[in-house]
Amino acid sequence: MQRYDVVVIGSGPGGYVCAIRCAQLGLKTACVEKDKTLGGTCLNVGCIPSKALLESSERYEATRHSLAEHGISVAAVSIDLGKMHERRKKIVAQLTGGVDMLFKKNKITRLSGLGRIAKGTTAGYHQVVVTRDDGSEETVEAASVVIATGSVPSNLRGLTIDNDRIVDSTGALELAEVPKHLVLIGAGVIGLELGSVWSRLGAKVTVLEYLDRILPGVDGEVATEAHKILAKQGLEFILGARVEGAEVKGEDVVVKWRSKDDQTHEVTGDRVLVCVGRRPFSDGLGLDAVGVALDNRGRVQIDGEYQTNVAGIFAIGDVTRGAMLAHKAEDEGMAVAEILAGGHGHVNYDAIPSIVYTHPEVAGVGKTEEELVQAGVPFVKGRFKYAPNGRALALGEPDGFVKMLAHKDTDRILGCHIIGAHAGDLIAEVSVAIEFGASSEDLARSCHAHPTLSEIVREAALDCARRAIHK
Ligand SMILES: Cc1cc2nc3c(=O)[nH]c(=O)nc-3n(C[C@H](O)[C@H](O)[C@H](O)COP(=O)(O)OP(=O)(O)OC[C@H]3O[C@@H](n4cnc5c(N)ncnc54)[C@H](O)[C@@H]3O)c2cc1C
């Protein structure tokens, strides 16, 4: 029986990064993956394919609507959806193949099949049974097992995902034609990104959201602005809508929903996209048999060093607590590898940015204003709009603002929330600032190149002390 220092189950951004870091640190490492390609949700059906389609659809939208003011006219603009999908698939293949290459380079054994943890027979070792597609099995031993099995889309009672008329996020990446009317259930990050794709490509999009706001978890002021801008772009929002079921009738789907005043309503579209969150995935892992505990939300329970209640079994990424984000999974993968190699792994959960790749982008790091108010933390707020910034105007991107939150007494940066062009890139400097424990004054005193959008971040930092220059 092959014996490894570490067997990682799952090759998403958590698992593959963990495996690479373990190998770099000299640990004999294997990674089990049930799917044909490495890279998990993120590379195959998540971050990467969605961003490929967001880019294509944004270019289509910009070509149709944003060139005239530059004095550029285009005779006819059309879409070849097949080609757009080909481009998406090529990018995915390039990246998943890249992970394969990195495994080979780092001498990581790839075990193809469904991984299940079983009771070990050798002291100090767990067993991992790998069931291949043809039903054959291979059992290996591991001193440490890292569960990195990620998450899968959640569903609502009363809805059957057929990935034809009623699709989840994976199905929404594959639609072979632009829907006439897409009914989107859920106004969270994934829903609004995919809704934006199909809206830009010509679909009417109606968004049904149970809460009375969009983008739960995002700073309230930023989410309100996003709601306004996306509605202006043509997305129709119905808030406070509890979806109770959907019925396919030929080429149509009738979605039934109930409003807060207990009235029932219907909306009919030709496709329905269900984006109501994701659930941690640990099916078939055999956790019961080895006694690994889950919490009340089905997540693998871990301690401060990512270890489950069973010694030698660890968990990272979407399958455990915290934000379901690729970079959070990656950082945990690196941290656990450092710990397994006898070092110290650490993730600063206050410095993990999150980004919504709509247009404009929405990005945040650290605490939201609501969280600070609720925790009773005294803070100052610096705010600066995109509109007075020269680069924003040159880019034709005057919408949005940066909001900086710093402690009232110490001036330490506690959070930053941005809506506007390239928000996802701008947030990086604030993540680093938070990681270094910087004050808003530190950021405000750092020289920022002109003309760049980063000057808006600096002005927001200056505004914490009411020193913004262009306000
Ligand atoms: C449409 C969409 C867009 C997204 N966009 C972003 C984004 O822009 N930025 C961002 O940060 N996050 C984004 N996410 C979320 C991101 O994809 C996840 O947070 C991330 O993939 C989690 O990584 P992970 O390693 O924990 O798990 P996953 O990526 O889910 O990988 C888990 C892997 O484990 C494998 N597996 C499961 N069980 C077993 C088993 N028993 N044996 C063998 N293999 C197994 C699975 O096949 C899978 O390959 C998006 C998600 C979706 C769906």
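I will try to describe carefully the structure that is included in this document. (Residues numbered from 1 in each chain as written. Predicted model: local features only at pLDDT ≥ 70, side-chain atom pairs only at ≥ 80, totals over all residues. Heavy atoms only, no water.)

### Some remarks on the pattern of salt bridges
Then, in step 1: Counted according to the given criterion, the structure contains 32 salt bridges.
Then, in step 2: Between Arg64 and Glu61 there is a salt bridge whose closest N-O contact spans 3.8 Å. Taken together, the residues span about one helical turn, with Arg64 and Glu61 both in helix 3 (residues 47-65) at a distance of 3 residues.
Then, in step 3: Among the residues examined, Arg64 registers a relative accessible area of 37% and is labelled partly exposed.
Then, in step 4: A salt bridge links Arg110 to Asp100, with the nearest nitrogen and oxygen atoms 3.0 Å apart. Taken together, the positions of Arg110 in strand 3 (residues 109-112) and Asp100 in helix 4 (residues 81-105) put the pair 10 residues apart, joining distant regions of the chain. (Salt bridge = Lys/Arg side-chain N within 4 Å of Asp/Glu carboxyl O. Helix = DSSP H or I, 4+ residues; strand = E, 2+ residues; numbered from the N terminus. Buried < 20%, exposed > 50% of the residue type's maximum accessible area, 1.4 Å probe, protein only.)

### Structural notes on the pairing of strand 11 (residues 236-239)
The side chains of a regular strand alternate between both faces of the sheet.
Then, in step 1: By the bridge criterion, 4 bridges tie strand 10 (residues 204-209) to strand 11 in an arrangement that is parallel. Bridge assignment links Val207 to a residue of strand 11, and that residue is Phe237.
Then, in step 2: Handedness of the strand 10-helix 7 (residues 220-232)-strand 11 crossover: right-handed. (Pairing = 2+ DSSP bridges. Right-handed = clockwise from strand over helix to strand, strands pointing away.)

### Looking at the sheet that holds strand 19 (residues 361-366)
Then, in step 1: Strand order across the open sheet formed by 5 strands is 18-19-22-21-20, with antiparallel pairing between neighbours. For this open sheet the edge positions go to strand 18 (354-356) and strand 20 (379-385), each flanked by a neighbour on one side alone. Averaged over neighbouring strand pairs, the angle between their axes works out to 10° when direction is ignored.
Then, in step 2: Looking at chain direction, strand 20 and strand 21 (residues 400-407) are connected through 7 bridges and run antiparallel. If you follow Lys385 over to strand 21, its bridge partner there is Phe401. (Axes fitted to C-alpha atoms, helices over the stretch in contact; angles between N-to-C directions.)

### Things to note about the packing of aromatic side chains
Then, in step 1: Evaluated as defined, the whole model comprises 0 aromatic pairs.
Then, in step 2: Residue placement shows Lys28 over the ring face of Tyr4; its charged tip is 5.0 Å from the ring centre.
Then, in step 3: Just above the ring of Phe401 sits the side chain of Arg383; from NZ or CZ to the centre is 3.9 Å. (Phe/Tyr/Trp six-rings, centres within 6.5 Å; stacked < 30°, edge-to-face > 60°. Lys NZ or Arg CZ within 6 Å of the ring centre and 35° of its normal.)

### Examining the site of the ligand
Then, in step 1: Taken together, 39 residues sit near the ligand, with Glu33, Thr41, Lys51, Gly115 and Ala326 positioned nearest.
Then, in step 2: One nitrogen or oxygen atom from the side chain of Glu33 is found 2.6 Å from an oxygen atom belonging to the ligand.
Then, in step 3: For the ligand, an oxygen atom lies 3.2 Å from a polar atom in the side chain of Asp35.
Then, in step 4: Protein coverage of the free-state accessible area of the ligand, which is 1000 Å², stands at 95%. (Near = heavy atom within 4 Å. Polar contact = N/O pair within 3.5 Å; in protein donor to acceptor, adjacent residues only side chain to side chain. Areas by Shrake-Rupley, 256 points an atom, 1.4 Å probe, with all protein chains shown as cover.)

### A word on unusual backbone geometry
Then, in step 1: Going from His359 to Pro360, the amide bond is cis rather than trans, its omega being -5°.
Then, in step 2: Residue position: Pro360 is located in the loop between strand 18 and strand 19.
Then, in step 3: The amide bond that connects His450 to the next residue, Pro451, takes the cis arrangement and shows omega of -10°.
Then, in step 4: Even without being glycine, Asp262 reaches a positive phi, approximately 70°.
Then, in step 5: Secondary-structure assignment places Asp262 in the loop between strand 13 (252-258) and strand 14 (264-269).
Then, in step 6: A residue is classified by how much of its surface remains accessible, and Asp262, at 52% relative accessible area, is exposed.

No statement about biological role is implied by the geometric values presented.
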